[in-house]
Amino acid sequence: AFPPHKIVGNVYYVGTKTLSAFLIVTPQGNILIDSTYERNVRTIQKSIEQLGFKFSATKTLLGNHAHGDHMEGDALVKELTAAQVVAMAEDVPALKAMKPGGKEHPVDRIIHDGDKVTLGGATLTAHLTPGHTPGATTWTMPVTEDGKTYQVVFYSSLRSPGMLTNPIIDEFKHTFAVVRALPCDVPLGDHPSEYGMTEKYANLKPGAPNPFIDPSGCHLESDLQEAMFNAIQAEQQEAGQR
């Protein structure tokens, strides 16, 4: 577990030390991004309750990509809360194959690039950012704090696999262009290390500037992962020539 905390506006962190989960609170119920592993669902529930919210108020469950460490717990969250499970179309086959303890993976709404999810005045936009998985999804939403509006970006993983095929190369080139064009004031990620959560949380003090409002940090992870992508691609090309 990691101490649950407010990030900005109505966005809260309820994940673990290494796996992100975010809660978006609205008057009509709450949105959870990422259930993580099934074994973490009760930890997420406890974090939500420590913040003073009800886990049963979770009305919508989103994910960022179809890997077990981010979306394996979807079935248990739905079982406990009856939340609507939303998934990007390109990741549905992988999600349907994800059956912890034999549980069928629920998918209540299938979305596509540019679709919006709205609840209680909060609107998130889904951006298809494939590569890590075919349906990897970066979510964006505006939030207001102290009379100012900030653009929050929940980045999906931009990490390349060890072997790049031509379709994946094309996907990543598209994705890096997409994420660089997104308006961003508050960068978040599917792993807290991607946006320096531990350091920022340590600097979260009353009266001090909010460390999570960090426009200059919006492209740190994409810069790193694009450099790795280019290095892997160059290595493969060199090996092919040899």
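Everything in this summary refers to the structure shown in the same document.

Analysis parameters
- Position numbers for residues count from 1 along each chain, tracking the sequence in the order it is written.
- pLDDT decides what is reported in this predicted model: residues at 70 or higher carry local features, side-chain atom pairs at 80 or more are listed and counted, and totals for whole chains, interfaces and linings draw on all residues regardless.
- To obtain the side-chain values, all non-hydrogen atoms of the structure were used and water was disregarded.
- Strands pair, by our definition, only if DSSP identifies at least two bridges between them.
- In this description a helix means any DSSP run of H or I spanning at least four residues, a strand means any run of E spanning at least two, and both kinds are numbered starting from the N terminus.
- Axis geometry follows a simple rule: fit a line to the C-alpha atoms, using only the stretch in contact for helices, then measure angles between N-to-C directions, giving values from 0 to 180 degrees.
- Working definition: rings of Phe, Tyr and Trp (its six-membered ring) pair if their centres are within 6.5 Å, and the pair is stacked with planes under 30 degrees apart, edge-to-face with planes over 60 apart, and tilted otherwise.
- The rule is simple: take the accessible area with a 1.4 Å probe, protein chains only, and divide by the maximum for that residue type; under 20% is buried, over 50% is exposed, in between is partly exposed.
- Note on definitions: salt bridges are taken to be side-chain nitrogens of Lys or Arg within 4 Å of carboxyl oxygens of Asp or Glu.
- Among buried residues, the Ala, Val, Leu, Ile, Met, Phe, Trp, Tyr and Cys ones that are joined through side-chain atoms within 4.5 Å form a nonpolar core.
- Oblique is the label for every angle not falling under 35 degrees (roughly parallel), over 145 degrees (roughly antiparallel), or within 65 to 115 degrees (roughly perpendicular).
- Working rule for contacts: check all heavy atoms of both residues, and any pair within 4.5 Å makes them a contact.
- Under this grouping Gly is polar, as are all residues other than the nonpolar Ala, Val, Leu, Ile, Met, Phe, Trp, Tyr, Cys and Pro and the charged Asp, Glu, Lys and Arg.
- Any cysteine sulfur atom paired with another within 2.5 Å is treated as part of a disulfide.
- Seen with its strands pointing away from the viewer, a crossover is right-handed when the path leading from the first strand over the helix to the second is clockwise.

Section: the sheet that holds strand E11 (residues 148-155)
Right, so step 1: Overall, mixed pairing links the 5 strands, which are arranged E8-E9-E10-E11-E12 in an open sheet. Of all the strands in the sheet, just strand E8 (116-119) and strand E12 (186-189) have a single pairing partner and so form its edges. Pairwise comparison of adjacent strand axes, ignoring direction, gives a mean angle of 20° for this sheet.
Right, so step 2: Across 4 bridges, strand E9 (residues 122-128) lies against strand E10 (residues 137-145) in antiparallel orientation. Bridge pairing in E10 links threonine 125 to threonine 140.

Notes on the packing of aromatic side chains
Right, so step 1: Summed over the entire model, instances satisfying the criterion amount to 10 aromatic pairs.
Right, so step 2: Note on tyrosine 12 and phenylalanine 53: the rings are 5.1 Å apart at their centroids and 70° apart in plane angle, and the pair reads as edge-to-face. Here the residue tyrosine 12 occupies a position in strand E2 (residues 11-13), and phenylalanine 53 occupies one in the loop between helix H1 (41-50) and strand E5 (58-62), the gap between them amounting to 41 residues.
Right, so step 3: We classify phenylalanine 53 as partly exposed; its relative accessible area is 21%.
Right, so step 4: With a centroid separation of 5.8 Å and 25° between ring planes, the pair formed by phenylalanine 172 and phenylalanine 176 is classed as stacked. Taken together, the residues phenylalanine 172 and phenylalanine 176, both in helix H5 (residues 166-181) and 4 residues apart, mark about one turn of the helix.
Right, so step 5: The exposure class of phenylalanine 172 is buried, given its relative accessible area of 0%.

Details of the pattern of salt bridges
Once their charged atoms are close, side chains differing in charge can pair, the charge on each being opposite to the other.
Right, so step 1: Across all of its chains, the model carries 7 salt bridges by this definition.
Right, so step 2: The partner of glutamate 145 in a salt bridge is lysine 6, with the nearest N and O atoms 3.7 Å apart. Of the two residues, glutamate 145 sits in strand E10 while lysine 6 sits in strand E1 (residues 5-8), which places them 139 residues apart along the sequence.
Right, so step 3: The residue lysine 103 makes a salt bridge to glutamate 38 at a minimum N-O spacing of 3.0 Å.

Notes on the nonpolar core
Right, so step 1: Residues Ile7, Ile24, Leu124, Met141, Phe154 and Leu188 are the most contacted members of the largest nonpolar core, which totals 30 residues.
Right, so step 2: If you look at the next biggest cluster of nonpolar residues, it comprises 15 residues, including Ala21, Leu76, Val77 and Val85.

As for the packing of H1 against helix H3 (residues 74-81)
Right, so step 1: Where H1 meets H3, the axes come as close as 10 Å, and the angle between the chain directions of the two elements is 50°. Taken together, the axes of H1 and H3 are oblique relative to one another. Only Leu76, Val77 and Leu80 of H3 make contact with H1, whose side of the interface consists of Val41, Arg42 and Gln45.
Right, so step 2: Looking at the contact of H1 with H3, its residues break down into 4 nonpolar, 1 polar and 1 charged.

Points about the state of the cysteines
Right, so step 1: If you walk through the whole model with that rule in mind, you get 1 disulfide.
Right, so step 2: For cysteine 184, the disulfide goes to cysteine 218, at an S-S distance of 2.0 Å. The sign of the S-S torsion, about -80°, decides the handedness of the disulfide formed by cysteine 184 and cysteine 218: left-handed. Placement of cysteine 184 in the loop between H5 and E12 and of cysteine 218 in the loop between helix H6 (197-202) and helix H7 (220-241) is noted, with a sequence separation of 34 residues between them.
Right, so step 3: Judged by its relative accessible area of 14%, cysteine 184 is buried.
Right, so step 4: We classify cysteine 218 as buried; its relative accessible area is 4%.

Some thoughts on the pairing of E12
Right, so step 1: Burial along E12 is two-sided: the face carrying Val186 and Leu188 and the face carrying Pro187 and Gly189 are both buried.
Right, so step 2: Here E11 pairs with E12 via 4 bridges, running parallel. Within E12, the residue paired with tyrosine 155 across the bridge is glycine 189.
Right, so step 3: With H5 bridging E11 and the parallel E12, this β-α-β connection has right-handed handedness.

Description of the environment of glutamate 72
Right, so step 1: Tracing the backbone through its elements, the reader meets glutamate 72 in the loop between helix H2 (68-71) and H3.
Right, so step 2: Taking the C-alpha atoms as reference points, glutamate 72 and glutamate 194, separated by 122 residues in sequence, lie 21 Å from one another.
Right, so step 3: Beyond its immediate stretch of four places on either side in the chain, glutamate 72 contacts Ser35, Thr36, Tyr37, Glu38, His67, Met98 and Pro100.

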